[in-house]
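Residue-level structure breakdown
What follows is the residue order along each chain.
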Amino acid sequence: MMDSDSAVMLELAAQAFRARNFELAAEIYECQLQSPGDAGARAELALRRADALACAGRLADAFDAYRAAARPEGLRPERLEKLLECLADSVRRKEGLPARGRASDPFACAACLGFLCEPVTLPCGHCVCRKCLERERRPVRCRGCRRGCSSSRGCRESCASCADRCGSAVPDAHRYRVNVVLSHLLSKWFPSQTRAVQLRLEGNALFADKQPDAALRKYDEAIRLAPRDHVLFSNRSLINASLKKFDEALSDAEMACELQPHWLKGHLRKAQALGSLRRAEEALTEYLLCIALEPESKLAKSEALKLLSDLFAPVPDRVQERIPDCSSLLSSRARIKGSATGTSTPRGIAVAPRPYKECKTSEEAQANARDKPQSPATLGLAEEGATRTPRSWPKGEDGGRSSGFHPALVDRSLLPKRKHGSVEEGQPGVEGGACKRAKTESSRKDAAASWCAVRRELVDAADLDCSLCMRLFYEPVTTACGHTFCLKCLERCLDHNSQCPLCKEDLSEYLAQRRYCKTFLMEELIAQYLPDELVERQKANEEEIAELSNLNKNVPIFVCTMAFPTVPCPLHIFEPCYRLMIRRCMETGTKQFGMCLGDSVKGFADHGCILEIRNVEFFADGRSVVDTIGRRRFKVVRHSQRDGYNTADIEYLEDEKVEGEDEAELRKLHDAVYDQALVWVNSLKAEQKQRIMGHFGPMPEKDPEPQTSPNGPSWCWWLLAVLPLEGRAQLAFLSLASLKERLSGIRRVLLFMSRNRSR
């Protein structure tokens, strides 16, 4: 009976846990622990209670519960996943960390956050290094598109609940080539940084060839050229770790974290270096931060679980000492915020952070650390490269000293002070034993602000001119082949030919997707470095839009068939000139154009109807089906042309209103002709009526007031559209400004048709 009651209570606890009532679940498990049972069952109950307490946010109590559950045989890493998840969530909530680090510098790669090397523009408009694109998993998803995702799990697929895409898919990423314009600009504006990237790649090749010492020299030179590149410090940390120089590896990793506080790779490097130095608790807190920044980081999760398992491993009479207090694990991570804002704050989610003098002060400590080697294969050198503290003052782009990057200070001076102690003489990584901390707020901010400022004399507007219109890029878009054009210029070219205007590469797939996203970096550079030219370009574009939006002058005319007010008119658009015309109607927001019959002398008739676009459906080859409906009649005042299609200055037509006896007579005529039309429609064969209904819809009801609309009753236009009349005869009705004359003409046509039918 007691076993049955226990099973019921355990099921209730499980249901409470699934319902997120963790407090209730913890209470039930605690009650069950008071009952006698075997050690294995009690350990399982203790672990479930610990999970419930952790999920309830009672981390201090949860640690005690995990400690109790660990006493018999320890805890396997996979049994601590709930605790790890709760700790990471606590860090994320406490510090307000983003789900993933973002590039704050315009010249940074959206993937690695490092300096753009051989930039490739993705269909979404973000730019990444070519190597980063090649390294991404398939299907490639742009990390820059995650900005709108509020999900803490950093999802890799499109979320309907997110404001933006959570990572835009990039099909056939290998087809995308280096952006020609951006590549030229970066090499022109940042020659030192570009050279540093080349050295980084050479260092990567040497490291892959198992020549770490030679790779280290490459990175030393690279850092002298680009002392603000966090990727170099991160990768040099890995090289130092492979050479068992763990103190220098930690110093480089800390510098990478300082330069890019929300970058996952830098914190991973730091955690690995701390682990190699046997500073397990500090390594654990770094891994927690990694998971808070990137919940999908499998490496951080697995290493953190191992460290947690080791911390909870039972050691006689020392378990209480070895397990850290949860408050120290979750102590303020103010150094992350301080690094981002340039404020001097304590550096520390780390557990009881020790001063550098306590880290490795004896030969024995260093020997112990080197007993635990880390191979390059284990850590995995990323394509970003690795770095090492230079032995002399690094020089910036201007050839002078780079603020805040002295060899003795590169690992310390830009880092906020720790809570305990300070760097003193004789510490590893500090040459001459001198520790300099007198760094101003401005120098600290400047060090992490950007790669370097662009010198104004290097900015040339001609470098950012469209090769088609020979004007400054406006809404620049980049094709898969790496060429950049104004959006409108490219669309006009694709109207005629589905090939790149420069290299003639086939862009059929690009045209089919119709995903013309602007290149964000190009727009940002133009706005920042060519503001006056951009204002002038915007003004010219606004004037053009205003001219195209005028529905009285230079109104676009589609020369095809008859159209009538209130009557649907579907169109198949395939000619390049009309593709341009429809696109302009959509871009200006008017969504209107004129429809006229052709004329052998003037080009098109003197009367027509304004059509309003209700929907456009595009095909892969650029053709489209446009759903339109008639709105107003007009008279052509002047015939003209623009960019291959016809235009006209027009005057709108309205029916003349009558009053008194004329109005009564008009109403009587209106009712009689409507009844006559209804008889004719009902006399049609069923299949004829079905075709008419499918194309034009049902016949409109009789208007109670025939003069309400300036175009007259809608049923008149519906009837004229379905009557078997020639275009010229229909045009005569369209041009009439008298409703009485129009109704009289319709009555004559119906009488003629009824007589022919009776014969």
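Treat the numbers as computed from the prediction; the structure is a model and nothing was measured. (Residues numbered from 1 in each chain as written. Predicted model: local features only at pLDDT ≥ 70, side-chain atom pairs only at ≥ 80, totals over all residues. Heavy atoms only, no water.)

**So, the nonpolar core**
- Residues Phe-107, Cys-109, Trp-189, Leu-464, Phe-473 and Leu-525 are the most contacted members of the largest nonpolar core, which totals 53 residues.
- Sorting the residues of this core by element identifies strand S2 (127-129), helix H6 (130-135), helix H7 (180-189), strand S6 (484-486), helix H22 (487-496), helix H23 (508-513) and helix H24 (520-529) as the ones contributing at least two each.
- Sequence-distant contacts of Leu-525, that is, excluding residues within four places in its chain, are made with Phe-107, Leu-182, Leu-185, Trp-189 and Leu-530.
- Core analysis: the second largest hydrophobic core is formed by 52 residues, Ala-16, Ile-28, Ala-50 and Cys-290 among them. (Core = buried A, V, L, I, M, F, W, Y, C linked by side-chain atoms within 4.5 Å. Buried < 20%, exposed > 50% of the residue type's maximum accessible area, 1.4 Å probe, protein only. Helix = DSSP H or I, 4+ residues; strand = E, 2+ residues; numbered from the N terminus. Contact = heavy atoms within 4.5 Å.)

**Quick notes on unusual backbone geometry**
- Backbone geometry places Glu-475, a non-glycine residue, at a positive phi of 55 degrees.
- Positionally, Glu-475 belongs in the loop between helix H21 (441-449) and strand S5 (476-478).
- With relative accessibility at 24%, the residue Glu-475 sits in the partly exposed group.
- The phi dihedral of Lys-504 is positive, around 65 degrees, even though this residue is not glycine.
- Within the secondary structure, Lys-504 sits in the loop between H22 and H23.

**Brief notes about the packing of helix H11 (residues 246-259) against helix H12 (residues 264-276)**
- In contact at an axis separation of 8 Å, H11 and H12 are set at 155 degrees when each is read in the N-to-C sense. As far as their axial angle goes, H12 and H11 are roughly antiparallel. Between H11 and H12 the crossing geometry is left-handed. Of H12, the residues touching H11 (which contributes Phe-246, Ala-249, Leu-250, Ala-253, Glu-254, Ala-256 and Cys-257) are Gly-266, His-267, Arg-269, Lys-270, Ala-273, Leu-274 and Ser-276.
- Of the residues in the contact of H11 with H12, the class split is 8 nonpolar, 3 polar and 3 charged. (Axes fitted to C-alpha atoms, helices over the stretch in contact; angles between N-to-C directions. Parallel < 35°, antiparallel > 145°, perpendicular 65-115°, else oblique. Left-handed = near helix turned anticlockwise from the far one by under 90°. Nonpolar A, V, L, I, M, F, W, Y, C, P; charged D, E, K, R; others polar.)

**Quick word on the environment of Ser-251**
- In this fold, Ser-251 is placed in helix H11.
- By relative accessible area, Ser-251 is classed as buried at 5%.

**Some remarks on the packing of aromatic side chains**
- Tallied over the entire structure, the rule returns 11 aromatic pairs.
- For the ring pair Tyr-66 and Phe-312, a centre distance of 5.9 Å and an interplane angle of 45 degrees mean the geometry is tilted. Linking Tyr-66 in helix H4 (residues 59-70) with Phe-312 in helix H14 (residues 298-312), this pair joins segments that are 246 residues apart in sequence.
- When the centroid spacing of 4.2 Å and the interplanar angle of 25 degrees are considered together, the rings of Phe-558 and Tyr-578 count as stacked. Separated by 20 residues along the polypeptide, Phe-558 in strand S7 (residues 555-559) and Tyr-578 in helix H26 (residues 576-588) bring together distant segments of the chain. (Phe/Tyr/Trp six-rings, centres within 6.5 Å; stacked < 30°, edge-to-face > 60°.)

**Concerning the environment of His-184**
- Tracing the backbone shows His-184 in helix H7.
- The sequence separation of His-184 and Glu-118 amounts to 66 residues, and the corresponding C-alpha distance is 9.5 Å.

**A closer look at the pairing of S7**
- Counting buried residues along S7, 4 of its 5 residues qualify, which places the element largely inside the surrounding structure.
- Where S7 lies against strand S12 (residues 645-652), 3 bridges are found, and the strand directions are antiparallel. Residue Ile-557 lies in a different strand from S12, and its bridge partner there is Asn-646.
- With 3 bridges joining them, S7 and strand S9 (residues 592-599) adopt parallel strand pairing. Within S9, the position partnered with Phe-558 by the bridge is Met-595. (Pairing = 2+ DSSP bridges.)

**Some words on the environment of Gly-482**
- For Gly-482, the location among the structural elements is in the loop between S5 and S6.
- Residues contacting Gly-482, with those up to four places away along its chain left out, are Arg-177, Val-178, Asn-179 and Val-180.

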